[in-house]
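Remarks on the overall topology
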Amino acid sequence: MFSSTEENYLKAIFNLSVRTKNPVSTNAISQRMNTSAASVTDMLKRLAEKDLINYVKYKGVTLTSTGRKTATMLVRKHRLWEVFLVEQLNFAWDEVHEMAEQLEHIQSEELVNRLDRYLGYPKFDPHGDPIPDANGQFTYRQQVILSELEVGEEAIVVGVKEHSPEFLQFLDRLHLQLGAQVMIQEHFDYDGTMRLKIFPEGEQLVSNKVGQNIYVQKKEK
């Protein structure tokens, strides 16, 4: 049994390591957890004593097998609860993260497995992130960043890199939710802005910043 704070640190390290594929720096963890470097160092020492991380000062942090398993199960619970809140309780995708942050600390493995079964064993959460199964295995798909598409290519929105409520609400206004079908009509070299056809709503100008934070799956020709 670990405290919710310890679990939050493990999940933060897990998510950061997925993005970098390298040992995670103390500064990165500090920014992610919105706390001081000194507080992070104290927690890392505690996690290392519990054999949850490998921590060498100035060289970064990696998860041990126990730490990775614990973090993976936290991710599993978090994403399953997000699916439940959206599909069963009709919350919007920009509303569920904070609630899932609380629900993920429920310890009952049986509850989580029954929740998974009740939801039909979903592979992805409402933001398009993969949900690990009971064995900690993720399902991955071929996807690219929206801004990487060439003019004339069509694709389906399958995920987002940025999860802030403000960004998700902005995508709602653009009709760029998961499942939206899009086609690149024009790229503007000056700042990376794209003219996007969104079916069936119409055209939108989309900034490079937005395009860099949306995952799509190319449609086969």
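You'll find the structure just up there.
Figured I'd write up the structure that's included with this text. Predicted, not measured: the structure shown is a model, and the values here were computed from it.

Reading the values: rules and limits
Residues numbered from 1 in each chain as written. Predicted model: local features only at pLDDT ≥ 70, side-chain atom pairs only at ≥ 80, totals over all residues. Heavy atoms only, no water. Salt bridge = Lys/Arg side-chain N within 4 Å of Asp/Glu carboxyl O. Helix = DSSP H or I, 4+ residues; strand = E, 2+ residues; numbered from the N terminus. Buried < 20%, exposed > 50% of the residue type's maximum accessible area, 1.4 Å probe, protein only. Core = buried A, V, L, I, M, F, W, Y, C linked by side-chain atoms within 4.5 Å. Contact = heavy atoms within 4.5 Å.

Quick notes on the pattern of salt bridges
Applying the stated rule across the entire model yields 11 salt bridges. We note a salt bridge from Glu104 to Lys11, for which the minimum N-O separation is 2.7 Å. Here Glu104, found in the loop between helix H5 (97-103) and helix H6 (109-118), pairs with Lys11, found in helix H1 (residues 4-20); they are 93 residues apart in sequence, far enough to count as distant. Grouping residues by exposure puts Glu104 and Lys11 together as buried.

Topic: the nonpolar core
By size, the foremost hydrophobic cluster in this structure holds 21 residues, and its most contacted members are Leu146, Leu171, Leu176, Val182, Leu196 and Ile214. For this core, the element with the highest residue contribution is helix H7 (residues 165-174), accounting for 4 residues. Those residues in contact with Val182, other than ones at most four positions away along the chain, are Leu146, Glu153, Glu154, Ala155, Val157, Leu176, Leu196, Lys197, Ile198 and Phe199. Ile13, Phe14, Val24 and Ile29 belong to the second largest nonpolar core, which has 17 residues in total.

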